[in-house]
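Summary of the model geometry
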Amino acid sequence: MQKTKIIATIGPSSSSSRKLKKMLDAGMDIARINMSHYNKSEDVEKIVGNLRSISKKNSKPLSILVDICGPKIRVKSTISKGKILIKKNKIYSLGFGKVNIPINNRIDFSSVNIGDIIKIDDGKIKFSIISRKYK
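Because the structure is predicted, anything quoted here is derived from the model rather than measured. (Residues numbered from 1 in each chain as written. Predicted model: local features only at pLDDT ≥ 70, side-chain atom pairs only at ≥ 80, totals over all residues. Heavy atoms only, no water.)

**Observations regarding the sheet that holds strand β2 (residues 30-34)**
Spatially, β1-β2-β3 is the arrangement adopted by the three strands of the open sheet, whose pairing is parallel. Each of the sheet's edge strands pairs with one partner strand only, and the pair in question is β1 (7-10) and β3 (63-67). For this sheet the average axis-to-axis angle between neighbouring strands, irrespective of direction, equals 25°. Direction of pairing for β2 relative to β3: parallel, over a ladder of five bridges. Looking at the pairing, Ile33 lines up with Val66 of β3. Where helix α2 (residues 41-57) meets the sheet, its contacts fall on β1, β2 and β3, and the angle it forms with β2 comes to roughly 170°. (Pairing = 2+ DSSP bridges. Helix = DSSP H or I, 4+ residues; strand = E, 2+ residues; numbered from the N terminus. Axes fitted to C-alpha atoms, helices over the stretch in contact; angles between N-to-C directions. Contact = heavy atoms within 4.5 Å.)

**Topic: the side chain of Asn34**
Mapped onto the elements of the fold, Asn34 is located in strand β2. Leave out the neighbours within four places in its chain, and Asn34 touches Thr9, Ile10, Asp67 and Cys69.

**Let's talk about the pairing of strand β7 (residues 125-128)**
In this structure, strand β6 (residues 117-120) lies alongside β7, joined through four bridges in antiparallel fashion. Paired with Ile120 across the two strands is Ile125, which belongs to β7.

**Quick word on the packing of aromatic side chains**
Pairs of aromatic rings are described using the distance from one ring centre to the other and the angle between the two planes. For the coordinates displayed, the defined rule picks out one aromatic pair. Centre to centre, the rings of Tyr92 and Phe127 are 6.0 Å apart; their planes meet at 70°, and the pair counts as edge-to-face. Of this pair, Tyr92 sits in the loop between β3 and β4 (94-95) while Phe127 sits in strand β7, placing them 35 residues apart in sequence. Residue classification places Phe127 among the buried positions, given a relative accessible area of 18%. (Phe/Tyr/Trp six-rings, centres within 6.5 Å; stacked < 30°, edge-to-face > 60°. Buried < 20%, exposed > 50% of the residue type's maximum accessible area, 1.4 Å probe, protein only.)

So this is what it looks like as structure tokens:
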């Protein structure tokens, strides 16, 4: 009787059917879907469908655990070379569209006030709001 379970976290780099089957074959008992990587319910539905299908085809039981911490606001992956050089005391624009730091979601910044602090990269980088601009 097996008492220990293997939980594997599913994210963008491990959500393909091929990788999921490999994980199941390696002993995954529980697939944890990390919701901080997903904004669309269709993406999660596709992963759950793939997990159920692979489990059924291979006659291996698989539990699905959804980590509902919610989506994180992330810097868009369209940045050239994947990096932004941040310099102290330089002014940056943050938001959607033509900005220095583009983010993945349209956010209503109307409640942000001058002097407020915005944190990115899980709080590793802090910005102080010096002005607001709305379109």
